[in-house]
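The residues making up each chain are set out below.
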Amino acid sequence: MFLAPVLANQAVKFGPPEMFALLLIAFILMGSLGKGSFFRSVPMILLGLLIGTVGMDQLTGTMRFTHGIKELYDGIGFIPVAMGSSE
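The shown structure was predicted, so the numbers you read here are calculated from the model rather than taken from an experiment.

**Some thoughts on the packing of helix 2 (residues 16–33) against helix 3 (residues 38–52)**
It is the contact of helix 2 with helix 3, at a shortest axis distance of 8 Å, that shows an interaxial angle of 125 degrees. If you check the angle between helix 2 and helix 3, you find them oblique. As for how helix 2 packs across helix 3, the hand of that crossing is right-handed. Seen from helix 2, the contacting residues are Phe27, Ile28, Met30, Gly31 and Ser32; seen from helix 3, they are Phe38, Ser41, Ile45 and Leu49.

Shown next, in the form of structure tokens:
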């Protein structure tokens, strides 16, 4: 709890270069932790990002990729996707 103000100050200082570096590291880690080849994991990461963009934008409140379907306004839920995938 006492570190929260320090972490908040550092988070406010994050700009586009730091965010790009953080996301690049995250994508590399996700690709390397996936099963099989790195190049087979990257399309699944990109598909997950694409599915994650459906719904209302948290900052502006605009709808993204809903095409007027009210059920997609909240996005695509994790539980139905997890139940739908069989492995």
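**Section: the side chain of aspartate 57**
Examined against the element boundaries, aspartate 57 turns out to sit in the loop between strand 1 (55–56) and strand 2 (63–64). Excluding its chain neighbours within four sequence positions, the residues that come into contact with aspartate 57 are Thr62 and Arg64.

**Notes on a nonpolar patch on the surface**
Taken together, the side chains of Phe14, Met19, Leu22, Leu23, Phe27, Met30, Leu46 and Leu49 define a hydrophobic patch exposed on the protein surface, amounting to about 710 Å² of accessible area. Broken down by secondary-structure element, the contributors of at least two residues to the nonpolar patch are helix 2 and helix 3. In terms of residues, the nonpolar patch owes the most to one element, helix 2, which gives five residues. By the element assignment, phenylalanine 14 lies in the loop between helix 1 (4–12) and helix 2. Judged by its relative accessible area of 41%, phenylalanine 14 falls in the partly exposed class.

**Describing the side chain of threonine 66**
Locating threonine 66 in the fold gives a position in the loop between strand 2 and helix 4 (78–84). The class for threonine 66 is buried, based on a relative accessible area of 5%. Beyond its immediate chain neighbours, meaning those up to four positions away, threonine 66 contacts Gly55, Leu72 and Tyr73.

**Focus on the environment of serine 41**
You can see serine 41 is positioned in helix 3. Residues serine 41 and phenylalanine 27, 14 residues apart in the sequence, show an inter-C-alpha distance of 9.9 Å. Those residues within four positions of serine 41 in sequence are excluded, and the remaining contacts are Gly31, Gly34 and Lys35.

Analysis parameters
- Numbering of residues begins from 1 in every chain and follows the order in which that chain's sequence is written.
- It should be noted that, the model being predicted, local features are given only for residues of pLDDT at least 70 and side-chain atom pairs only at 80 or more, the latter also being counted only at that level, while totals for whole chains, interfaces and linings use all residues.
- Computation of side-chain values covers all heavy atoms of the structure but excludes hydrogens and water.
- Orientation is described by lines fitted to C-alpha atoms, with helices fitted over the stretch in contact, and by angles between N-to-C directions that extend from 0 to 180 degrees.
- A helix here means a DSSP run of H or I that spans at least four residues, while a strand means a run of E at least two residues long, and both kinds are numbered starting from the N terminus.
- Our angle categories are set so that under 35 degrees counts as roughly parallel, over 145 as roughly antiparallel, 65 to 115 as roughly perpendicular, and the remainder as oblique.
- What makes a crossing left-handed is the near helix being turned counterclockwise from the far one by less than a right angle; a clockwise turn instead makes it right-handed.
- We call two residues in contact when some of their heavy atoms are within 4.5 Å.
- The patches described consist of residues with a relative accessible area above 30% and no salt bridge, like charges being joined within 9 Å and nonpolar side chains (Val, Leu, Ile, Met, Phe, Trp, Tyr) within 5 Å.
- Per-residue accessibility takes into account occlusion by the displayed protein chains alone, with areas from the Shrake-Rupley method and a 1.4 Å probe.
- Each reported salt bridge corresponds to a side-chain nitrogen of Lys or Arg within 4 Å of a carboxyl oxygen of Asp or Glu.
- Using a 1.4 Å probe on the protein chains alone, a residue whose accessible area is under 20% of its type maximum counts as buried, one over 50% counts as exposed, and one in between counts as partly exposed.

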